[in-house]
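# Geometric and topological summary
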Amino acid sequence: MDARHVSLLALCDVTSAFDSVDHSSLIQRLPTSLGLTDRPLKWIRFFLSERTNCVTFGSSRSASVHVPLGVPQVSVLGPLMYVIYMHIVYRRYREAVRFTWLTSTAACR
């Protein structure tokens with residue numbers, strides 16, 4: 001502060017982070033960011049596409065709705081897709097913003 005530098009603290013709530021991964025953005029950036037092409041890229045596109053959600057309550061079930069965001073959390077690949085997505089986001093904005101990840105446990109210490 002004495003050197004008249006500006007400090008900025010941005011806190012991100014990542015509790016719903018897995019639900020925020022944009023499929024089209026991830027797939028579009030995989031070839032240039034990680035060099036994925038052809039079969040691996042098609043496989044990831046298939047893994048993320050045609051996902052739907054519905055709500056079941058008792059014996060009632062809602063209509064299925066297309067889900068263009070998020071990765072499955074109950075799979076091995078879901079968390080991996082999230083990490084890849086965040087790596088791409090970080091590489092894109094690393095010059096402008098320095099990310100600091102704080103967990104609620106670390107913040108409470």
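Residues numbered from 1 in each chain as written. Predicted model: local features only at pLDDT ≥ 70, side-chain atom pairs only at ≥ 80, totals over all residues. Heavy atoms only, no water.

This next bit is on the overall build of the protein chain. Helix and strand counts for the protein chain come out as four helices and four strands. Within the span of the protein chain, comprising 109 residues, buried residues form 20% of the whole. For the protein chain, contacts bridging at least 24 residues in sequence account for 55% of all contacts bridging at least 6. (Helix = DSSP H or I, 4+ residues; strand = E, 2+ residues; numbered from the N terminus. Buried < 20%, exposed > 50% of the residue type's maximum accessible area, 1.4 Å probe, protein only. Contact = heavy atoms within 4.5 Å.)

Another point: the packing of aromatic side chains. Per the stated rule, a full pass over the model turns up one aromatic pair. With a centroid separation of 5.8 Å and 5° between ring planes, the pair formed by Trp-43 and Phe-47 is classed as stacked. Within this pair, Trp-43 and its partner Phe-47 are both found in helix H2 (residues 38–48), separated by four residues, close to a single helical turn. We classify Phe-47 as partly exposed; its relative accessible area is 21%. (Phe/Tyr/Trp six-rings, centres within 6.5 Å; stacked < 30°, edge-to-face > 60°.)

A few words now on H2. Three or more residues of H2 are buried, namely Leu-41, Ile-44 and Leu-48. One side of H2 carries all its buried residues, which in axial view fall inside an arc of 65°. Residues of H2 that are exposed and point over 90 degrees away from its buried face: Asp-38, Arg-39, Lys-42 and Phe-46. Among the structural elements, helix H1 (23–34) and helix H3 (77–93) are those in contact with the buried residues of H2. Downstream of H2 by a residue or two, Glu-50 has a phi angle that is positive, lying close to 55°. (Arc of directions from axis to C-beta.)

Think of two packed helices as two axes; the pair is described by the angle between the axes and how far apart they sit. Contact geometry of H1 with H2 gives a least axis separation of 11 Å together with a crossing angle of 175°. On the basis of the axis angle, H1 is roughly antiparallel to H2. Where H1 abuts H2, its residues His-23, Leu-26, Ile-27, Leu-30 and Pro-31 lie against Leu-41, Ile-44, Arg-45 and Leu-48. Partitioning the contact of H1 with H2 into residue classes produces seven nonpolar, one polar and one charged. (Axes fitted to C-alpha atoms, helices over the stretch in contact; angles between N-to-C directions. Parallel < 35°, antiparallel > 145°, perpendicular 65-115°, else oblique. Nonpolar A, V, L, I, M, F, W, Y, C, P; charged D, E, K, R; others polar.)

Limitation: the analysis is restricted to geometry and does not speak to function.
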